[in-house]
Amino acid sequence: MLLGVNIDHIATIREARGTNYPSVVKAALDAEKAGADSITLHLREDRRHMQDQDLYELKPLLTTKMNLELAPTDEMIEIALDVQPQDVCLVPERREERTTEGGLDLIKNYNLLKDACDRLMAGGIRVSLFIAPDIEQIEKAIMMNVPVVEIHTGHYANFKDRSSKLKELNNIKNAVDFAYKAGLVVNAGHGLHYDNVKEIVEIKNIKELNIGHSIVAEALFIGWEKAIKNMKKIITMNTIK
Ligand code: PXP
């Protein structure tokens, strides 16, 4: 199982003061050195962390791959087609949310999302859809002909009581299984940290986990590269072949 490191919150610290530090380029390159398999970033409509210029600076320097998270709007699709990241993960976005709170609704927004996927794929970009662990959503992703889905682990991460957590873990397992058997590449992420990631790593057939907030938080105390190496170690040690 691979680790995609989300560097949005390096930019959050920079934007909090409008400075030019900490450098998102250094964060990305050091993450790659520490073992990140891809670099994930989210260009939000309100530009609260990543800025357009960050994408253009980072793209030619990355030696792994850029996974760009975007809302399916015309503006974002045009930027993606111009920047040409290897991967785009389409996510829902609401201005007032603190972070991406749920998955895309592929049933309700089928035509809009299908059109967004078609435009990005025609531009040579590998498209992923960020969805809840729900079989009906996966069926729609298959109909859209996307190669990748990312399963939302945020509810699993947020549940406090063990029985709700286990129920959601089971939903994730079933969703991964269904999507994998249908031939999709299956990624997962959101809300994962050093304590809860193990149960997700133990699920077979997840290709990559995208993790950001907990790694940035841990880096405050032990350093950026060490925080990434430690996460990578947990993933490597617990992956079931
Ligand atoms: N995957 C997706 C699609 C996301 O939107 C995010 C948050 O930007 C993540 C993974 C990473 O979540 P976290 O920062 O909670 O690790």
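Per chain, the residues get numbers from 1 upward, laid out in the order the sequence is written. Only residues with pLDDT of at least 70 get local features here, since the model is predicted, and only at 80 or more are side-chain atom pairs given and counted; chain-wide, interface and lining totals rely on the full set of residues. By convention in this description, side-chain values take in all heavy atoms of the structure and omit both hydrogens and water.

### Observations regarding the packing of helix α2 (residues 24-34) against helix α11 (residues 224-238)
The convention used is that axes are lines fitted to C-alpha atoms, helices contributing only their stretch in contact, and that angles between N-to-C directions extend from 0 to 180 degrees. Put simply, DSSP marks the helices as runs of H or I at least four residues long and the strands as runs of E at least two long, and each gets a number from the N terminus on. Orientation of α2 relative to α11, taken along the N-to-C sense of each, is 45 degrees, at an axis distance of 9 Å. Accordingly, the angle class assigned to the pair α2 and α11 is oblique. Relative to α11, α2 is oriented so that their crossing is right-handed. The segment α2 lies against α11, with A27, D30, A31, K33 and A34 engaging W224, E225, I228 and K229. For the contact of α2 with α11, the residue count by class is five nonpolar, no polar and four charged. We call two directions roughly parallel when the angle between them is under 35 degrees, roughly antiparallel when it is over 145, roughly perpendicular when it lies between 65 and 115, and oblique otherwise. In this scheme, a crossing is called left-handed if the near helix is turned counterclockwise away from the far one by less than a right angle; it is called right-handed if the turn is clockwise. Contact criterion: two residues are considered in contact whenever any of their non-hydrogen atoms come within 4.5 Å of each other. Residue type decides the class: Asp, Glu, Lys and Arg count as charged, Ala, Val, Leu, Ile, Met, Phe, Trp, Tyr, Cys and Pro as nonpolar, and the leftover types, Gly among them, as polar.

### Re a nonpolar patch on the surface
Each patch is built from residues lacking any salt bridge and having more than 30% relative accessible area; the joining distance is 9 Å for like charges and 5 Å for nonpolar side chains (Val, Leu, Ile, Met, Phe, Trp, Tyr). A 1.4 Å probe and the Shrake-Rupley method give the accessible areas. Residues count as covered only by the protein chains that appear here. Think of a salt bridge as a Lys or Arg side-chain nitrogen and an Asp or Glu carboxyl oxygen that are within 4 Å of each other. A surface patch of nonpolar side chains, about 200 Å² in accessible area, is lined by I135, I142 and F178. Note on placement: I142 falls in helix α6 (residues 135-143).

### A closer look at the pairing of strand β1 (residues 2-6)
Under the scheme applied here, a residue whose accessible area is under 20% of the maximum for its type counts as buried, over 50% as exposed, and between as partly exposed, the area being computed with a 1.4 Å probe on protein chains only. In terms of burial, β1 is largely enclosed, as four of its five residues are buried. In terms of strand pairing, β1 meets strand β2 (residues 38-42) through three bridges, oriented parallel. The partner of G4 across the bridge, within β2, is S38. The rule for pairing is simple: two strands pair if DSSP sees at least two bridges between them.

### Looking at the pattern of salt bridges
Tallying each qualifying case throughout the model produces 17 salt bridges. The partner of R14 in a salt bridge is E15, and the shortest N-O contact between them spans 2.9 Å. A residue is classified by how much of its surface remains accessible, and R14, at 8% relative accessible area, is buried. Residue E15 is classed as partly exposed on the basis of its relative accessible area, which comes to 30%. Notably, a salt bridge pairs D54 with R14, separated by 2.7 Å at the nearest N-O pair. Here D54 is found in helix α3 (residues 52-58), whereas its partner R14 is found in helix α1 (residues 8-17), with 40 residues between them in sequence. There is no split in this pair, since D54 and R14 are both buried.

### A short note on the site of the ligand
Surveying the vicinity of the ligand reveals 14 residues, the closest of which are E69, E150, G191, G212 and H213. In this structure, N6 approaches the ligand through a side-chain N or O atom, which is 3.3 Å from an oxygen atom. Between the ligand and the protein, one listed contact pairs an oxygen atom with a side-chain N or O atom of E69 at 3.0 Å. When the ligand sits alone it has 400 Å² of accessible area, and the protein chains cover 94% of it. The cavity that encloses the ligand is the largest pocket. Its residues placed into classes, the shell around the ligand shows three nonpolar, eight polar and three charged. To be near a molecule or strand, a residue needs just one of its heavy atoms within 4 Å of it. Counting of polar contacts relies on pairs of N or O atoms within 3.5 Å, with two restrictions inside protein: one atom must be capable of donating a hydrogen and the other of accepting it, and residues adjacent in sequence are counted only when both atoms are side-chain atoms. Cavities and pockets were defined on a 1 Å grid built over protein atoms only: a cavity is a set of grid points that admits a 1.4 Å probe from which the probe cannot escape, a pocket is an open set flanked by protein on both sides within 12 Å along at least five of seven lines, and lining residues are those with an atom within 4 Å of any such point. Grid points define the cavity or pocket, and a molecule sits in it when more than half of its atoms lie within 2 Å of them.

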